[in-house]
Amino acid sequence: GTSDDFEDSEKEILETIRHNIDDDWVPELRRCAVETLGDYIARRGEAGRLDGKSASVMVEDLLKNYDNLLQLRLRMPIDHRLDNPRNFIFQIANYDCVVDVPNSMTVLDELVPYAIDGALRKLTGIYNFTNPGAISHNEVLQLYKDYCSPNYTWKNFSLEEQNKILAAPRSNNELCDKKIKSAWPQILNIKDSLIKYVFEPNKQSGGKVRGGAKGEC
């Protein structure tokens, strides 16, 4: 668990990953053994080298050693299944209160085919895998109300009030979309993508979020 041990183990882990990756490019991320990455992260922690970084950032540091990987950064993923607890719309619709801040988001129904296309085209590097632009939580919930549930209501509270009930502050970001628009010029901006792939289909099918805004701020 010393810093010297960490320096040696980092080289060992990177070399192990290199040996675990073969010439078949598409499934490389699967062959980059989860246990190996987990071991690396654990050793960083034991050596006192976490420096406040999250596990995802540490893994990204590792993957930068390879010039034949395609890494896609998703953010606040959304899909057409409004009853999916992992869906960002489901989550904020069931919060007692929400903050009204803009963020980059990923509409999976549109972007997952691009991920497959990127693999087949052997694109490499790091992409902010979000729809262009940003949309606020209130805008998302208003679209849900307009298309799916006219009687739906929600409450807002401030970032300061939110931070009081969270273990750690949450980030709000609009990510650069230049690279993803270059690779897929046809990609829709976040609002248009939400309407086409999420809200219009659910308007036709009668899909709704289970539950809804509740409680007091």
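Going by the structure above, here's the rest.
What counts and how
- Residues numbered from 1 in each chain as written.
- Predicted model: local features only at pLDDT ≥ 70, side-chain atom pairs only at ≥ 80, totals over all residues.
- Heavy atoms only, no water.
- Helix = DSSP H or I, 4+ residues; strand = E, 2+ residues; numbered from the N terminus.
- Buried < 20%, exposed > 50% of the residue type's maximum accessible area, 1.4 Å probe, protein only.
- Phe/Tyr/Trp six-rings, centres within 6.5 Å; stacked < 30°, edge-to-face > 60°.
- Patch = residues over 30% accessible without salt bridge, like charges linked within 9 Å, V, L, I, M, F, W, Y side chains within 5 Å.
- Areas by Shrake-Rupley, 256 points an atom, 1.4 Å probe, with all protein chains shown as cover.
- Salt bridge = Lys/Arg side-chain N within 4 Å of Asp/Glu carboxyl O.
- Lys, Arg positive; Asp, Glu negative; His and termini not counted.
- Polar contact = N/O pair within 3.5 Å; in protein donor to acceptor, adjacent residues only side chain to side chain.
- Expected span 1.5 Å × (residues − 1).
- Arc of directions from axis to C-beta.
- Contact = heavy atoms within 4.5 Å.

Engineer: Help me out: how do you make sense of the overall build of the protein chain in this one?
Structural biologist: Each helix and strand counted, the protein chain has 10 helices and six strands in total. Within the protein chain, the proportion of its 217 residues that are buried is 40%.

Engineer: Could you clarify how one ought to interpret the environment of T130 in this entry?
Structural biologist: With respect to the helices, strands and loops of the structure, T130 is situated in the loop between β5 (125–128) and β6 (135–136). The exposure class assigned to T130 is buried, which follows from its relative accessible area of 1%. Residues T130 and I190, 60 residues apart in the sequence, show an inter-C-alpha distance of 8.0 Å.

Engineer: What exactly am I supposed to notice about the packing of aromatic side chains here?
Structural biologist: Remark: the centre distance and the inter-plane angle together describe each pair of aromatic rings, the angle taken between the planes. Scanning all chains against the criterion turns up six aromatic pairs. Each ring, one from Y127 and one from W184, has its centre 6.0 Å from the other, and the planes form 55°; the classification is tilted. Of this pair, Y127 sits in strand β5 while W184 sits in the loop between α9 (178–183) and α10 (190–205), placing them 57 residues apart in sequence. An angle of 70° between the planes, with centres 6.1 Å apart, marks the rings of F129 and W184 as edge-to-face. In this pair, F129 sits in the loop between β5 and β6 while W184 sits in the loop between α9 and α10, placing the two residues 55 residues apart along the sequence.

Engineer: What is the right way to look at a nonpolar patch on the surface in this model?
Structural biologist: Residues V112, I116 and L120 make up a contiguous nonpolar surface patch of roughly 300 Å² in combined accessible area. With respect to the helices, strands and loops of the structure, I116 is situated in helix α6 (residues 108–120). In this structure I116 comes out as exposed when scored by relative accessible area, which is 52%.

Engineer: What exactly am I supposed to notice about the side chain of E110 here?
Structural biologist: For E110, the position within the fold is in helix α6. Despite its burial, E110 pairs with no opposite charge; the closest candidate is K196, at 6.9 Å N-O. At 2.9 Å, the side chain of E110 forms a polar contact with the side chain of N131. At 2.9 Å, the side chain of E110 forms a polar contact with the backbone nitrogen of L188.

Engineer: Looking at this model, I keep getting lost on α6. Mind explaining?
Structural biologist: In an α-helix, one turn spans 3.6 residues; hence positions three or four apart end up facing the same way. Taking 1.5 Å per residue as the helical rise, α6 with its 13 residues ought to reach 18 Å, and the 18 Å between its terminal C-alpha atoms agrees with that figure. For α6, the full list of buried residues reads E110, L111, Y114, G118 and A119. Buried residues along α6 cover an arc of 165° about the axis, so they all sit on one side. Exposed side chains of α6 directed beyond 90 degrees from the buried face belong to I116 and L120. If you follow the buried residues of α6, they end up packed against β1 (70–73), β4 (106–107), α9 and α10. Backbone geometry just downstream of α6 places K122 in the positive-phi region, at approximately 60°.

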